[in-house]
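Residue-level listing of the chains:
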Amino acid sequence: RKMSLASSDHRQILQIIIPSAAAGLAAWGLWTLLRPKKQVLYRSKNILVSEPSLTDLEEKYLLQAYRSTFISGGAGKFKKRLETEFASMCGCRFGVATANGTVAINLALIAAGLKEGDEVIVPSFTYVASVAAIVTAGGVPVMVDCDAQLGLMDPKAVEAAVTEKTKFIMAVHLYGHPVDMDSINAIAKKHGLYVLEDAAEAHGATYKGRPVGSLGDMATFSFYANKVMTTGEGGIVVTNNQELAKQMVCCAIAAV
């Protein structure tokens, strides 16, 4: 009787397994007939934000600086030439070169008198350096929403974020796209605020025919290796305000 029950159970199991196995074999056979004859290989590819163009001209200038022995600090002709010519390209009279773009932001904030606890309005979609420089200078970053199309600072959100502690609006021009600077400047004028352009990714960009860098009180740029223009490392602040320029030079040499 036990054997009979076992045999019955085996038959039931086989009745389930055999049709399933047959269906699986049929599906495999159909796939073998229908699959593409040529195997398609999918490979991932890195798309660079920007790639440096290093030519004979860069090599020539590098060797000139190296052979002059003026390879550090403000000595030599290349630093001053960079400050003058880059500022001019941006429609500005003054430029102050820095070690990198983050230091440039920090320098601009300190030169304009940012004090501990002062608020700086900054877009929520930006690189961490924008916020890090504010914190390092003693300020409080106040993040605001960005528009859905380009990811740029939303002027309506900026207006809503202004308080008695607000000192700066930091307009970040993302991937070469300028912020709506007419609206930002109108808000700044209404509340008596500084406008700082973070143009780390916007070298040579224009807004309504005007070069980025000349649209606020000051603008900062980065010359990191993945930027539109590069020195390997480096940054700069540009402005048309002579007093701010003097303050930045003083801080750059002695205090920052």
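For clarity, every value in this text was computed on a predicted model and none was experimentally measured.

A.B. asks: For this particular structure, what's the right way to read the pairing of strand 1 (residues 94-98)?
C.D. replies: One face of the sheet, then the other: side chains in a regular strand alternate in exactly this way. Most of strand 1 is tucked away: 4 of the 5 residues are buried. Both strand 1 and strand 9 (residues 235-239) contribute to a ladder of 5 bridges, which runs antiparallel. Of the residues in strand 9, the one forming a bridge with Gly95 is Val238.

A.B. asks: In this structure, what is going on with unusual backbone geometry? I would like to understand it.
C.D. replies: The phi torsion of most residues other than glycine is negative, and most of the peptide bonds are trans. Its identity is not glycine, yet Tyr175 carries a phi of approximately 50°, on the positive side. The phi torsion at Lys208 lies on the positive side, around 55°, for a residue other than glycine.

A.B. asks: Can you walk me through the nonpolar core in this structure?
C.D. replies: The nonpolar side chains of a soluble globular protein tend to be buried, and buried together. If you look at the biggest cluster of nonpolar residues, it comprises 58 residues, and the most contacted ones within it are Leu109, Met218, Phe221 and Val238. Among the elements that line this core, the one with the most residues is helix 4 (residues 101-111), at 6 residues.

A.B. asks: Looking at this structure, how should I read the packing of aromatic side chains?
C.D. replies: Any pair of aromatic rings gets described here by the distance separating the centres and the angle formed by the planes. By the definition in use, this model includes 4 aromatic pairs. Measuring from centroid to centroid gives 4.9 Å for Phe86 and Phe221, while their planes differ by 80°, and the two rings are edge-to-face. Of the two residues, Phe86 sits in helix 3 (residues 78-89) while Phe221 sits in strand 8 (residues 218-222), which places them 135 residues apart along the sequence. Each member of the pair, Phe86 as well as Phe221, is classed as buried. Measuring from ring centre to ring centre gives 5.1 Å for Phe168 and Tyr194, while their planes differ by 25°; the resulting arrangement is stacked. Here the residue Phe168 occupies a position in strand 4 (residues 166-172), and Tyr194 occupies one in strand 5 (residues 194-198), the gap between them amounting to 26 residues. The exposure class assigned to Phe168 is buried, which follows from its relative accessible area of 0%.

Rules used throughout
Residue numbers here run from 1 along each chain, matching the order of that chain's written sequence. Where totals are concerned, whole chains, interfaces and linings use all residues; where local detail is concerned, this predicted model gives features only for residues with pLDDT of at least 70, and gives and counts side-chain atom pairs only at 80 or more. Excluding hydrogens and water, the side-chain values take into account all heavy atoms of the structure. For the exposure calls, accessible area comes from a 1.4 Å probe over protein chains only, and a residue counts as buried if that area is under 20% of its type's maximum, exposed if over 50%, partly exposed in between. Secondary structure elements are taken from DSSP: a helix is a run of H or I of four residues or more, a strand is a run of E of two residues or more, and numbering for both begins at the N terminus. When DSSP finds two or more bridges between a pair of strands, those strands are recorded as paired. For our purposes a nonpolar core is just a set of buried Ala, Val, Leu, Ile, Met, Phe, Trp, Tyr and Cys residues, chained together by side-chain atoms within 4.5 Å. Here a Phe, Tyr or Trp ring, Trp counted by its six-membered ring, pairs with any other such ring whose centre lies within 6.5 Å, and the pair is stacked when the planes are under 30 degrees apart, edge-to-face when over 60, and tilted otherwise.

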